[in-house]
Amino acid sequence: MVLNEQIIDRRAGSPAVLAPGGASTGERAAIESLRVQIARLERQLSGIVAAGFPHVGVHGGERSSTPHLLTLGELEQTRDRLVQRVHDAQQRTLTRAEFERRSR
């Protein structure tokens, strides 16, 4: 059984309901949405690379020097970088398919 915990934040002057971990419920929803988007993009990128291997690969993503929980802004940046990586992989796949078509 999961208890629905709520914390009242009085630091900002007016009380705001916070989810466990200190984030507001709106921020928690945004974080969860970004996590879902990131997972979908990672699956999509993995599928593109697997289907095009060894001709379509991706370069490694950026790594943090220390482990930490990502902020909302960092999650948005991660999502945006993944969108670009998926787009780049799709373009490489199309380029490779065109090369193979012309080589026949």
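Preceding this paragraph is the structure being described.
All of these numbers come straight from a predicted model, not from anything done at the bench.

Caption draft 1: Structural context of the pattern of salt bridges. In this structure the tally under the stated criterion is four salt bridges. When the shortest N-O distance is used, the salt bridge between Glu100 and Arg96 registers 2.9 Å. Taken together, the residues span about one helical turn, with Glu100 and Arg96 both in helix H2 (residues 72-103) at a distance of four residues. With a shortest N-O distance of 3.4 Å, Glu98 and Arg102 are connected by a salt bridge. Pair noted here: Glu98 and Arg102 are both in helix H2, with a separation of four residues, about one helical turn. Here the salt bridges do not stand alone but share partners, grouping Glu98, Arg101 and Arg102 into one network.

Caption draft 2: Representation of the packing of helix H1 (residues 25-52) against H2. At a minimum axis distance of 9 Å, the contact between H1 and H2 shows a crossing angle of 20 degrees. By the angle between their axes, H1 is roughly parallel relative to H2. Viewed along their axes, H1 and H2 form a crossing whose handedness is left-handed. Contacts from Glu27, Ala30, Ile31, Leu34, Gln37, Ile38, Leu41, Glu42, Gln44, Leu45 and Ile48 of H1 reach H2 at Leu72, Leu75, Glu76, Thr78, Arg79, Leu82, Val83, Arg85, Val86, Ala89, Gln90 and Thr93. The residue inventory of the contact of H1 with H2, partitioned by class, reads 13 nonpolar, five polar and five charged.

Caption draft 3: The arrangement of H1 in detail. With 28 residues, H1 should cover 40 Å at 1.5 Å per step; its first-to-last C-alpha distance of 41 Å lies within 8% of that length. When we look at burial in H1, the residues that qualify are Ile31, Leu34, Ile38, Leu41, Leu45, Ile48, Val49 and Gly52. The elements touched by buried residues of H1 are H2.

Caption draft 4: Spotlight on the nonpolar core. Among the nonpolar cores identified, the biggest contains twelve residues, and these are Ile31, Leu34, Ile38, Leu41, Leu45, Ile48, Val49, Val56, Leu75, Leu82, Val86 and Ala89. Within the residue set of this core, elements represented by two or more residues are H1 and H2.

Caption draft 5: Structural view of the environment of Leu45. Here Leu45 shows up in helix H1. For Leu45, a relative accessible area of 7% puts it in the buried group. Between the C-alpha atom of Leu45 and that of Arg85, which follows or precedes it by 40 residues, the distance is 7.5 Å.

Cut-offs applied
- Residues numbered from 1 in each chain as written.
- Predicted model: local features only at pLDDT ≥ 70, side-chain atom pairs only at ≥ 80, totals over all residues.
- Heavy atoms only, no water.
- Salt bridge = Lys/Arg side-chain N within 4 Å of Asp/Glu carboxyl O.
- Helix = DSSP H or I, 4+ residues; strand = E, 2+ residues; numbered from the N terminus.
- Axes fitted to C-alpha atoms, helices over the stretch in contact; angles between N-to-C directions.
- Parallel < 35°, antiparallel > 145°, perpendicular 65-115°, else oblique.
- Left-handed = near helix turned anticlockwise from the far one by under 90°.
- Contact = heavy atoms within 4.5 Å.
- Nonpolar A, V, L, I, M, F, W, Y, C, P; charged D, E, K, R; others polar.
- Expected span 1.5 Å × (residues − 1).
- Buried < 20%, exposed > 50% of the residue type's maximum accessible area, 1.4 Å probe, protein only.
- Core = buried A, V, L, I, M, F, W, Y, C linked by side-chain atoms within 4.5 Å.

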